[in-house]
Amino acid sequence: MTTSYFQFGVRTAVHSGAGCRTLLPELLRGLGGRKALLVTDKGVTQAGVTAQVSQLFDVSWQPVRLVGIFDDVEQDAKAAVINKAVAQFKALGADCLIALGGGSVLDTVKAMKWMMHKGLQDVRMGLVTNTIEMFPEAQYIPIPHVALPTTAVQVRKYPPSRSFSTKR
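Draft legend 1. Examining the sheet that holds strand β4 (residues 145-149) more closely. The strand order across the open sheet formed by 4 strands is β2-β1-β3-β4, and the pairing between neighbours is parallel. Among the strands making up the open sheet, the edge pair consists of β2 (65-70) and β4. Strand-to-strand, the axes of this sheet are offset by a mean angle of 20°, without reference to chain direction. Sheet strands in contact with helix α4 (residues 79-92) are β1 (35-39), β2 and β3 (96-101), and its direction is about 155° off that of β2. Contacting β1, β3 and β4, helix α5 (residues 103-118) crosses the sheet at an angle of about 160° to β3.

See below:
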């Protein structure tokens, strides 16, 4: 007798449709967020998308505030940039994250969460060897975040895996 067993579970919810980004403040509130840091890159900011998302918090009645924007993400999610983003998150007293952009932005936010969850001062300290975490070591990270992928390919790869460079 041959049996097979399969289990798949992620804590990812996908909201899709025209105008669904207007739900962002409420989604963050529902996740327990109050003070959000928006993480993106210069290209998204120059295209005006960062301003469009920021405006959602200007008219929002929810008790969620946008406390800052970090738009220094570079291609391939470099460790120094991740460290800088975490420093800004902490300096602003943020408690939740918004990832607005492509793969490098999404990976940066996931790396930020992992770094803070592990209590690291430098993300590279957690990567001294090849790091693969699986259950039971890999646990839910209770830092609320919402991703707004700007490329369709990023939507399908969003579950909580991450890759980034240890280069400065």
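Draft legend 2. Quick look at the pattern of salt bridges. A complete count under the given rule lists 6 salt bridges for this structure. Linking Asp71 and Lys42 is a salt bridge whose minimum nitrogen-to-oxygen distance equals 2.9 Å. With Asp71 in the loop between β2 and α4 and Lys42 in helix α2 (residues 42-46), the pair connects residues that are 29 residues apart, well separated along the chain. Members of the salt-bridge network, linked through shared partners, are Lys42, Asp71, Asp72 and Lys84.

Draft legend 3. A look at the pairing of β3. Of all the 6 residues making up β3, 6 are buried; the element is thus mostly covered by neighbouring parts of the structure. Sheet topology note: the β1/β3 ladder contains 4 bridges and is parallel. Of the residues in β3, the one forming a bridge with Leu37 is Leu97. Judged from the 5 bridges that link them, β3 and β4 form a sheet pairing that is parallel. Paired with Gly101 across the bridge in β4 is Pro149.

Draft legend 4. A look at the confidence of the model for the protein chain. When pLDDT is averaged along the protein chain, the result is 85; 83% of the residues meet or exceed 70. Per-element mean pLDDT across the protein chain ranges from 47 in helix α6 (residues 152-156) up to 98 in β1. Note that pLDDT drops below 50 for residues 153-163; the model gives that stretch 26 contacts with residues more than four away or on any other chain.

Rules used throughout
- Residues numbered from 1 in each chain as written.
- Predicted model: local features only at pLDDT ≥ 70, side-chain atom pairs only at ≥ 80, totals over all residues.
- Heavy atoms only, no water.
- Pairing = 2+ DSSP bridges.
- Helix = DSSP H or I, 4+ residues; strand = E, 2+ residues; numbered from the N terminus.
- Axes fitted to C-alpha atoms, helices over the stretch in contact; angles between N-to-C directions.
- Contact = heavy atoms within 4.5 Å.
- Salt bridge = Lys/Arg side-chain N within 4 Å of Asp/Glu carboxyl O.
- Buried < 20%, exposed > 50% of the residue type's maximum accessible area, 1.4 Å probe, protein only.
- pLDDT = per-residue confidence, 0-100.

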